[in-house]
Amino acid sequence: MPKDTFYNLDNEKRSRVLNAALEEFGSRSFHQVTVSKIVEKADISKGSFYQYFESKKDLYRFLIKMSQEKKLDFMKGVLEEMERDNVFDRLRVLYRAGFQFAEKNPQLLAVGQNLMKEDE
């Protein structure tokens with residue numbers, strides 16, 4: 001998980017790092033992504049990257065966890081609204097909500113899809 005120095009960054013710089021990582025992990029497999037490309041896109045030094053994260057794997061795990069948390073929060077709202085629906089209506093609502101989440105979060109979707117393709 002990120003080090004304290006990452007959380008101490010201003011929002012703009014933190015967003016640049018996360019967006020660069022999402023773009024890279026969303027378009028390539030874990031093994032094809034390089035820290036060099038992430039830092040280049042984020043416009044930070046490689047040394048700074050290692051002040052924020054232990055490793056590329058540490059960043060990847062953080063992105064996966066962030067994605068899971070965002071989707072869970074999104075789905076909680078949907079689940080609360082459908083307490084009285086029958087099982088088929090619930091399934092329909094859940095599928096629809098899953099598609100809505102994917103439409104609103106295409107980078108997270110791409111990272112998740114690449115995760116599912118990984119061997120390890």
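This structure is a prediction, so every number in the text was calculated from the model and none was measured.

Novice: Sorry if this is basic, but what is going on with the environment of Arg96 here?
Specialist: Residue placement: Arg96 occurs in helix H6 (residues 87-104). The partly exposed category is assigned to Arg96, whose relative accessible area is 45%. Through-space distance from the C-alpha of Arg96 to that of Val78 is 9.9 Å; in sequence the pair is 18 residues apart.

Novice: Would you explain the packing of aromatic side chains in this entry?
Specialist: What describes a pair of aromatic rings is the distance from one ring centre to the other and the angle between the planes of the rings. Under the defined criterion, the tally for this structure stands at 11 aromatic pairs. Pairing Phe53 with Phe62 gives two aromatic rings, centres 6.2 Å apart and planes at 50 degrees, and the pair type is tilted. Here Phe53 falls in the buried class, since its relative accessible area comes to 0%. Above the ring of Phe30, the side-chain terminus of Lys56 is found at 4.2 Å from the ring centroid.

Novice: Help me understand the nonpolar core in this model?
Specialist: Across soluble globular proteins, nonpolar side chains show a tendency to be buried alongside one another. By size, the foremost hydrophobic cluster in this structure holds 27 residues, and its most contacted members are Phe6, Phe25, Phe53, Leu59 and Leu63. When residues of this core are traced back to their parent elements, those giving at least two are helix H2 (11-27), helix H3 (35-42), helix H4 (46-52), helix H5 (56-81) and helix H7 (106-117). When residues no more than four places from it in sequence are discounted, the contact partners of Phe53 are Pro2, Lys3, Phe6, Val17, Asp58, Leu59 and Phe62.

Novice: Just checking my understanding: could you explain the side chain of Ser67 for this structure?
Specialist: As for its placement among the helices and strands, Ser67 is situated in helix H5. The class for Ser67 is buried, based on a relative accessible area of 15%. Apart from the residues lying within four places of it in its own chain, the contact partners of Ser67 are Phe101 and Leu108.

Novice: When you look at unusual backbone geometry in this model, what are you seeing that I'm missing?
Specialist: One non-glycine residue, Asp43, adopts positive backbone phi at about 60 degrees. As for its position among the elements, Asp43 is in the loop between H3 and H4.

Conventions adopted
Residues numbered from 1 in each chain as written. Predicted model: local features only at pLDDT ≥ 70, side-chain atom pairs only at ≥ 80, totals over all residues. Heavy atoms only, no water. Helix = DSSP H or I, 4+ residues; strand = E, 2+ residues; numbered from the N terminus. Buried < 20%, exposed > 50% of the residue type's maximum accessible area, 1.4 Å probe, protein only. Phe/Tyr/Trp six-rings, centres within 6.5 Å; stacked < 30°, edge-to-face > 60°. Lys NZ or Arg CZ within 6 Å of the ring centre and 35° of its normal. Core = buried A, V, L, I, M, F, W, Y, C linked by side-chain atoms within 4.5 Å. Contact = heavy atoms within 4.5 Å.

So far we have only geometry, and geometry alone does not tell us how the molecule works.
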